[in-house]
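Letter by letter, the chains look like this.
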Amino acid sequence: MAAGGGDPAASPMKTPSWAVRIRGADGEIAGAGILLTPDQVLTCAHVVDRAADRLTAEFVGAADHSVPAVRARVDGTAYVPETRDADGDPSGDVALLRLERPRPAEETVRLHRLSAPGREVRMYGFPYAHNGGIWFRSTVVGGCGRDGQVQLSPVNPGELASPGCSGAGVADSRTGEVIGMVLSGQLDQHGNRFSFMSPAETIARHLPRLKPRIVGPTAVDERLLPTADGASQDLLDEPFAQRLAAWLRDDGSQVKISVVEPGDAARAATLRRAITLADRELRTAVSIDRASLDPPGTVPSAGGHDLAVDASGLTAAEIAERIAERIGLWQHPEHPPLDRIRASKTSLNLVVVGVDEAADPPDLLDLLDVLRAGGSRLLLVFRTAGDCHRRARERLLARPARERRARLVERLRDITGPLAEDLHERLAAVVPSGVRPLDSELVAAHAALAALLRADEDDRERDDDRDGDRHHDRDRDRDRDGDRDRDRDRDKDWRYDQDQDWHHGHDHGHGHDRDQDRRHDRDGGLHQDRRQVHDQDQDRWQAHGRDQDRCQAHGRDQDRQQVHDRDQDRCQARGPVQDRQHDRDRDRDRGHDPVEDRKQARAPGRAPGHTPDLDRYELLADRVAGRLRAGVAELDRLRDRRDELAGRLRGYHVLHQHSLEGEEDPAVDDLYLRAHALLRTRPCDVRAAEAAVDAYTRRVEEHGGGDTR
């Protein structure tokens, strides 16, 4: 049974009891609706407009197989017409109808909050040719527009939602829950077919009175909701807000790691604001109006995340269960949630705040790595830039980037190696008539491969430098420990000699000469020891000077970087809070270590913070590989045509020889020799050879040799 007592929503074997057919005053079908309560029907505002003042709700899935018709009207102010902003993004288009007579409660259904990207859904509508209703299947593509609407792609071209489907319930095929309402279908100028739905959260935002009829956990944990403190609401870290909004609008980065320290009120308020504005249900009209006064680029689109979790004090298993419930994986509860998530192959946009404050951060990183590998996008917020933050950055950012770069290197090697060799082999066989030159493409691929290999070499040098620095530090510490041990031993020896001298002087008062000799030896030894100590001190002082030089150079690099960052901040930030925080936040958000960046700056031939543009190189690899394969295929067609012409020439030559009966025809023979020579030339000009073969065959046919084609 579906939530609320109705029939299973996704069952294609029967008409759902909650499906409503709406007719206008003229008796024509205006659209569809969803029976949410015994006397309330949810539909689209434009369906109400089309039906004029007189609305009739017909219940095609009634239990007694009749089709009861009940008069309906708009329920008070529960009517939100469709509006469009300056960019043409639609918003609203929902309405609630009140029935004159209630229907049985068991025919109703509740809406369910569910994130279902990539999932199959079904909708039951009433297109013109199917007045009794028909199921349409679609796949959830993703959110679109600022209102949080969801784009659907029909499974088959004929299943595009058409007039008569507006207002129909959208049911998740896996769970049977109604998760939204059809808004419209669209066939664009390029032949693309799409439908759009308003999910349960967006409906709840436009019609708050329906929240009791919407079930399922909300997308944002209560601990992440904005505080009631008016002062904190006025705080905004503009650069941080812009980066959050960019990620929530899908800027192409899969994983974003940020640090929001406990005492950073402005940054914490900015994070809560972004999470709120990106949630379909929390993004109220008031918040949108307030955001419109904020700096540009700081307001994310509704639906930018599917789930926002505060991990503080929670175990990885609890967070995994929260994710599984959000994406509708409550079947087979006996299986661990991580196994269900891994088997579902479902991705989502996940925000996790306080990763390092979870009950078991290592296990949580395991879960996040599984989600990342499955295609989920992750916004991870840490409280401190400690060990957990560094491990997450290495595991979720650095290692995947290295693996991605390695895959790209192999792909470019295949392009510049075997694929390029295939091309050159064909070019050696035939002239590329009509084939686009590909030299510049191969040069670009070689340059990209060289840049990636150079980046790999720089990384290895940096790793070696770090290892060398660590070994140098350990050796220096070991030398200092050895110096201290030798000093202690020398002091012991000196005290021992003093004790021995005192005893000898006390017991043998007449041994003055021996004492004098001993003092001379001792003074000489002490002088030598002092010389050694002096030399060691000089060495240590020189090493200390070199360390100071490196520290000063390091400080100068820091100063230059800080000056540069302050200049950048003044260009971007609007207030003193942003100026103080921008440099640190930018580095942490991007997963950069400032110390590492300065070491990269000292690496030979490498600019500070330089990393290969993998997105650009991947697009380049796609383009070059596609054009090379197309070029090889076209050259293969030319080579096949050359072989075909050679066979045709041989056939006509044999036929001509039989027709001559011992006579000679020098003119025809010359045509044959020319065609034969062109076909044997490498590379073969197929077009010229084809013209020569055609000339020869025409002369043979003119002499009565016939046509062997």
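Every residue gets a number counted from 1 within its own chain, in the order that chain's sequence is written. Reporting in this predicted model follows two pLDDT cut-offs: at least 70 for local features of residues, and 80 or more for side-chain atom pairs to be given and counted; totals over whole chains, interfaces and linings ignore these cut-offs and use all residues. The basis for every side-chain value is the complete set of non-hydrogen atoms in the structure, without hydrogens or water.

This part takes up the overall build of the protein. Secondary structure elements are defined from DSSP: runs of H or I of at least 4 residues count as helices, runs of E of at least 2 residues count as strands, and each element is numbered from the N terminus. Scanning the protein from terminus to terminus reveals 17 helices and 20 strands. A simple rule labels every residue: compare its accessible area, found with a 1.4 Å probe on the protein chains alone, to the largest value its type can have, and call it buried under 20%, exposed over 50%, or partly exposed in between. Split into buried and exposed, the 709 residues of the protein put 45% on the buried side. Here the accessible surface of atoms and residues is derived via Shrake-Rupley with a 1.4 Å probe, and residues count as covered only by protein chains that are part of the display. Within the structure as shown, the protein displays about 35,800 Å² of accessible surface, and the carbon and sulfur contribution to it stands at 49%.

Moving on to the pattern of salt bridges. In the sections that follow, a salt bridge refers to a side-chain nitrogen of Lys or Arg positioned within 4 Å of a carboxyl oxygen of Asp or Glu. Per the stated rule, a full pass over the model turns up 45 salt bridges. Ionic pairing is found between arginine 639 and aspartate 636, a salt bridge with its closest N-O pair at 3.3 Å. Pair noted here: arginine 639 and aspartate 636 are both in helix H15 (residues 614–660), with a separation of 3 residues, about one helical turn. Ionic contacts of the salt-bridge type, sharing partners, join the residues Asp422, Glu425, Arg426, Asp636 and Arg639 into one network.

Let us now look at the nonpolar core. Ile34, Leu42, Leu99, Leu111, Met181 and Leu207 are the most contacted members of the largest nonpolar core, which totals 57 residues. Per-element accounting of this core gives the leading share, 6 residues, to strand S2 (residues 29–37). Nine residue types can take part in a nonpolar core, namely buried Ala, Val, Leu, Ile, Met, Phe, Trp, Tyr and Cys, and a core is a set of them joined through side-chain atoms within 4.5 Å. By size, the runner-up hydrophobic cluster in this structure holds 42 residues, among which are Leu412, Val624, Leu638 and Ala689.

With that settled, the discussion passes to unusual backbone geometry. The step from arginine 682 to proline 683 runs through a cis peptide bond, and the omega angle for that step is -5°. Relative to the helices and strands, proline 683 resides in the loop between helix H16 (666–680) and helix H17 (686–702). In this model, histidine 65 sits at a positive phi of 65°, which is unusual for a non-glycine residue. For histidine 65, the location among the structural elements is in the loop between strand S4 (55–59) and strand S5 (69–80). Of note, aspartate 250 is a non-glycine position whose phi angle comes to about 65°, a positive value. Relative to the helices and strands, aspartate 250 resides in the loop between helix H4 (238–248) and strand S17 (255–259). Residue aspartate 250 is classed as partly exposed on the basis of its relative accessible area of 48%.

Now for the pairing of strand S18 (residues 307–310). Here S18 shows no split at all, with Leu307 and Val309 on one side and Ala308 and Asp310 on the other all buried. Strands qualify as paired when DSSP identifies two bridges or more between them. As defined by bridge partners, S18 adjoins strand S19 (residues 349–353) across 4 bridges and the pair is classed as parallel. Bridged to aspartate 310 within S19 is valine 353.

The next point concerns the packing of H4 against helix H5 (residues 265–277). Angles shown run from 0 to 180 degrees and are taken between the N-to-C directions of axes, each axis being a line fitted to C-alpha atoms and, for helices, limited to the stretch in contact. Here H4 crosses H5 at 25°, and the two axes come no closer than 10 Å. Considering the angle they form, H4 stands roughly parallel to H5. You can see that H4 and H5 cross each other, and the crossing is right-handed. Residues Phe240, Ala241, Arg243, Leu244 and Leu248 of H4 form the contact with H5, whose participating residues are Arg267, Thr270, Leu271, Arg273 and Ala274. A breakdown of the residues in the contact of H4 with H5 according to their chemical character gives 6 nonpolar, 1 polar and 3 charged. The cut-offs work like this: below 35 degrees is roughly parallel, past 145 is roughly antiparallel, 65 to 115 is roughly perpendicular, and the gaps in between are oblique. By convention the crossing between two helices is left-handed if the near helix lies anticlockwise of the far one by an angle smaller than a right angle, and right-handed if it lies clockwise. Any two residues whose heavy atoms approach within 4.5 Å at even a single point are treated as in contact. Classes in brief: Ala, Val, Leu, Ile, Met, Phe, Trp, Tyr, Cys and Pro nonpolar; Asp, Glu, Lys and Arg charged; the others, Gly included, polar.

Strand order in the open sheet made by the 4 strands is S17-S20-S19-S18, with parallel pairing throughout. Edge positions in the sheet fall to S17 and S18, since each of these pairs with one other strand and no more. Neighbour to neighbour, the strand axes of the sheet diverge by 10° on average, direction disregarded. Sheet analysis places S17 next to strand S20 (residues 377–382), joined by 5 bridges and oriented parallel.

All right, on to the sheet that holds S5 then. Read around the barrel, 6 strands follow the order S1-S2-S3-S8-S5-S4 and close on themselves; strand pairing throughout is antiparallel. If you compare each strand with its neighbour and ignore which way they point, the axes differ by 40° on average. Pairing of strand S1 (residues 19–23) with S2, which is carried by 5 bridges, proceeds in the antiparallel orientation. Considered in S2, the bridge of arginine 21 is made with alanine 32.

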